[in-house]
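Spelled out from the first residue to the last, the chains are:
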Amino acid sequence: MKVMGIRRLVEVMVLLGITRGMAAAEGLTVSGVLDSSITAGAGTGEVPDFFYGVEEYANLRVQGKLREGLSFYSAFNLIAAAGISALGLERLSAPGLNAASQNYAATIELERLFFRLNREYLDIDGGLLRIAAGYGQVFGPSDFLNPKNPLQPDARPRAVLGGTLAAYPADSFKVQVFAAAPKNPFVLDGGGFLGGILGEKHGDRASLQALYTYEAPEEASLWGIHRGGFSLKADLHVGFVADVLYTYKPQEDFGFSGLSASAGLDYSFLEGQWYVLAEYLYNGSASATSVQSGNATGFSGEQFLYGAIQYRVNDYTSLTLACLSALSDGSFAPLLSGEHELIQGFTLSMSAQVPLDRDVFFKDGNLGELGPNNAQERFLFRFKTRLRF
């Protein structure tokens, strides 16, 4: 295992050397972030009463303009971790996970790899990329290809292997067609292949987006899956956003189980010193935001509410209190965080989260979806430094 770790370290050094050489030779732009984090908490269930985690994470992005209107984009993650932070590496591909030493696990993950062709009225993207949809800030039902996680608002959305073609037939109007490979990359007959079309219109105070997708049949859905909906955002002194997506399987009846709908408000006041945000989600059991439909960050309950208030102490320091609540069972997960920019490009942040449900207060056996039993933690603290370059 140690030999494998040394070989992986050499591969990383070679990759960084090649990237730096390409940037110097071809005029590519290299940027990214370096996060150093320490995690500690009190667990429950299979997690120890006390746990810790240490992680060093770098996201490196390379961008280059090859010819007129043609660009290249890539991004990859370098991760070294120990403790509970190392367990998160198991979701990544096994070949990339190697024990490089006796006290950490390490991996390399390809995050983005695509080209972009820009013309006056036409854009074409293809490769490993994000296909974004909807205006939802917290839940984002329309953005089901890159699902959000309200409990991890800083997480970068996952990419999909696919492509988009966007046309601009009129000012402030966009039509985009897109396609994505099946969720299971080893499918040979195309089952699960997804295609769709998106229309978007921007006005002076509001924007509207309409979406339709079709997912090819596979064993679990013999007639395929249809998804359709709309998203709206408006600036009416108070920011307003709505995002609605309905999932329909022809072998099943119409019903609210396929509906995922969110709506929210946000507002800044006192010259931007205070900021508040609230967003509600209705989550049907077979909808795009449901864990039952295969969304890894989805929910089991039916109704959720997210609220946050941020106070900017000055241009360098802010404090935020946020809370995700499951209205169906009374569980909630408050999060208190603070951030301070020590020097330009270097930020310190701390956060503390306490999952709660009715059983915590009354010991009545009512275990909520967001409570400590499901979260497998009673308390979570994280300290992180972020360097941007």
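What counts, and at which threshold
Residues numbered from 1 in each chain as written. Predicted model: local features only at pLDDT ≥ 70, side-chain atom pairs only at ≥ 80, totals over all residues. Heavy atoms only, no water. Helix = DSSP H or I, 4+ residues; strand = E, 2+ residues; numbered from the N terminus. Buried < 20%, exposed > 50% of the residue type's maximum accessible area, 1.4 Å probe, protein only. Contact = heavy atoms within 4.5 Å. Areas by Shrake-Rupley, 256 points an atom, 1.4 Å probe, with all protein chains shown as cover. Pairing = 2+ DSSP bridges. Salt bridge = Lys/Arg side-chain N within 4 Å of Asp/Glu carboxyl O. Core = buried A, V, L, I, M, F, W, Y, C linked by side-chain atoms within 4.5 Å. Polar contact = N/O pair within 3.5 Å; in protein donor to acceptor, adjacent residues only side chain to side chain. pLDDT = per-residue confidence, 0-100. Phe/Tyr/Trp six-rings, centres within 6.5 Å; stacked < 30°, edge-to-face > 60°. Lys NZ or Arg CZ within 6 Å of the ring centre and 35° of its normal. Patch = residues over 30% accessible without salt bridge, like charges linked within 9 Å, V, L, I, M, F, W, Y side chains within 5 Å.

Engineer: Kindly report on the overall build of the protein, identifying the contributing residues and their values.
Structural biologist: The secondary structure content of the protein amounts to four helices and 18 strands. Within the protein, the fraction of its 389 residues that count as buried is 39%. Long-range pairs, those at least 24 residues apart, make up 50% of the contacts in the protein with a sequence separation of at least 6. Accessible area of the protein: about 21,500 Å², with a carbon and sulfur share of 61%.

Engineer: I'd like a description of the pairing of strand S15 (residues 317–326), backed by residues and values.
Structural biologist: On any regular strand, side chains alternate: one points to one face of the sheet, the next to the other face. Of all the ten residues making up S15, seven are buried; the element is thus mostly covered by neighbouring parts of the structure. Note: strand S14 (residues 303–312) against S15, nine bridges, orientation antiparallel. Looking at S15, one finds that Tyr 311 is bridged to Leu 319. Two elements, S15 and strand S16 (residues 331–343), share ten bridges in a ladder whose sense is antiparallel. When the bridges of S16 are listed, Ala 322 appears paired with Leu 335. Count of turn residues in the S15/S16 antiparallel hairpin: four residues, of which Gly 330 carries a positive phi of about 80°.

Engineer: A description of the pattern of salt bridges should follow, citing residues and the corresponding values.
Structural biologist: Taken as a whole and judged by the stated rule, the model has seven salt bridges. Across the pair Glu 215 and Arg 227 runs a salt bridge, and its minimum N-O distance is 2.9 Å. One end of the pair, Glu 215, is in strand S9 (residues 206–215); the other, Arg 227, is in strand S10 (residues 225–236), with twelve residues separating them in the sequence.

Engineer: Can you break down the nonpolar core residue by residue, with the values?
Structural biologist: Looking at soluble globular proteins, one finds that nonpolar side chains tend to be buried together. Among the nonpolar cores identified, the biggest contains 15 residues, and Ile 131, Phe 144, Leu 145, Phe 178 and Leu 211 are the most heavily contacted of them. Sorting the residues of this core by element identifies strand S7 (173–180) and strand S8 (194–202) as the ones contributing at least two each. When neighbours within four sequence positions are excluded, Phe 178 is seen to be in contact with Ile 131, Leu 145, Gly 163, Thr 164, Leu 194, Gly 195, Gly 196, Ile 197, Leu 198, Leu 211 and Thr 213. Grouped together as the second largest cluster of nonpolar side chains are twelve residues, Phe 139, Leu 281, Phe 299 and Leu 370 included.

Engineer: So, unusual backbone geometry: which residues are in play, and what are the values?
Structural biologist: Excluding glycine, a negative phi dihedral is what most residues carry, and trans is how most peptide bonds are arranged. Even without being a glycine, Leu 270 presents a positive backbone phi close to 55°. Along the chain, Leu 270 falls in the loop between strand S12 (259–269) and strand S13 (274–283). The exposure class assigned to Leu 270 is exposed, which follows from its relative accessible area of 55%. Of note, the phi angle at Glu 271 is positive, near 60°, even though the residue is not glycine.

Engineer: Report on the environment of Ser 142, specifying residues and quantitative values.
Structural biologist: Tracing the sequence through the fold places Ser 142 in the loop between strand S5 (122–129) and strand S6 (160–170). Using a relative accessible area of 3% as the deciding quantity, one classes Ser 142 as buried. When neighbours within four sequence positions are excluded, Ser 142 is seen to be in contact with Ala 133, Gly 134, Leu 211, Phe 230, Asp 243, Val 244 and Leu 245. Here the side chain of Ser 142 touches Asp 243 through a polar contact of 2.4 Å, side chain to side chain.

Engineer: Could you give an account of the confidence of the model for the protein, naming the residues involved and the relevant values?
Structural biologist: Mean pLDDT over the protein works out to 89, with 89% of the residues at or above the 70 mark. Within the protein, the element-level pLDDT minimum falls on helix H1 (residues 2–26), averaging 49, and the maximum on S14, averaging 98. Residue range residues 1–6 is modelled with pLDDT below 50. Its contacts to residues more than four positions away, or to other chains, number six contacts.

Engineer: An account of the side chain of Ser 207 is needed here, citing residue identities and associated values.
Structural biologist: Inspection of the secondary structure puts Ser 207 in strand S9. For Ser 207, a relative accessible area of 7% translates into the label buried. Of the polar contacts made by the side chain of Ser 207, one reaches the side chain of His 202; its length is 2.7 Å. Apart from the residues lying within four places of it in its own chain, the contact partners of Ser 207 are Tyr 135, Lys 201, His 202, Ser 231, Leu 232 and Lys 233.

Engineer: Outline the packing of aromatic side chains, supporting the account with residue identities and numerical values.
Structural biologist: Inspection of every chain in the model, using the stated rule, returns ten aromatic pairs. Summarising the aromatic geometry, the rings of Tyr 248 and Phe 254 are spaced 4.3 Å apart at their centres and angled 5° between planes, so their arrangement reads as stacked. For Tyr 248, a relative accessible area of 22% gives the class partly exposed. Under the relative-accessibility criterion, Phe 254 is labelled exposed at 63%. Here the aromatic rings of Phe 299 and Phe 304 are separated by 4.4 Å at their centres, their planes lie at 35°, and the arrangement is tilted. By relative accessible area, which is 0% here, Phe 304 ends up buried. Ring pairing ties together the aromatic residues Tyr 267, Phe 269, Trp 274 and Tyr 311, which thus form one cluster. For Arg 116, the ring lying beneath its charged end belongs to Tyr 73, and the centroid distance is 5.1 Å.

Engineer: Explain a nonpolar patch on the surface residue by residue, including any values.
Structural biologist: On the surface, Ile 38, Phe 50, Tyr 52 and Val 54 cluster together into a nonpolar patch covering about 420 Å² of accessible area. Judged by its relative accessible area of 37%, Val 54 falls in the partly exposed class.

Engineer: So what's going on with the environment of Asn 314? Residues and values would help.
Structural biologist: As for its position among the elements, Asn 314 is in the loop between S14 and S15. In the structure, Asn 314 is positioned 41 residues away from Gln 273 in sequence and 7.9 Å away in space, judged by C-alpha atoms. In this structure the side chain of Asn 314 is engaged in a polar contact, spanning 2.8 Å, whose partner is the backbone nitrogen of Tyr 316.

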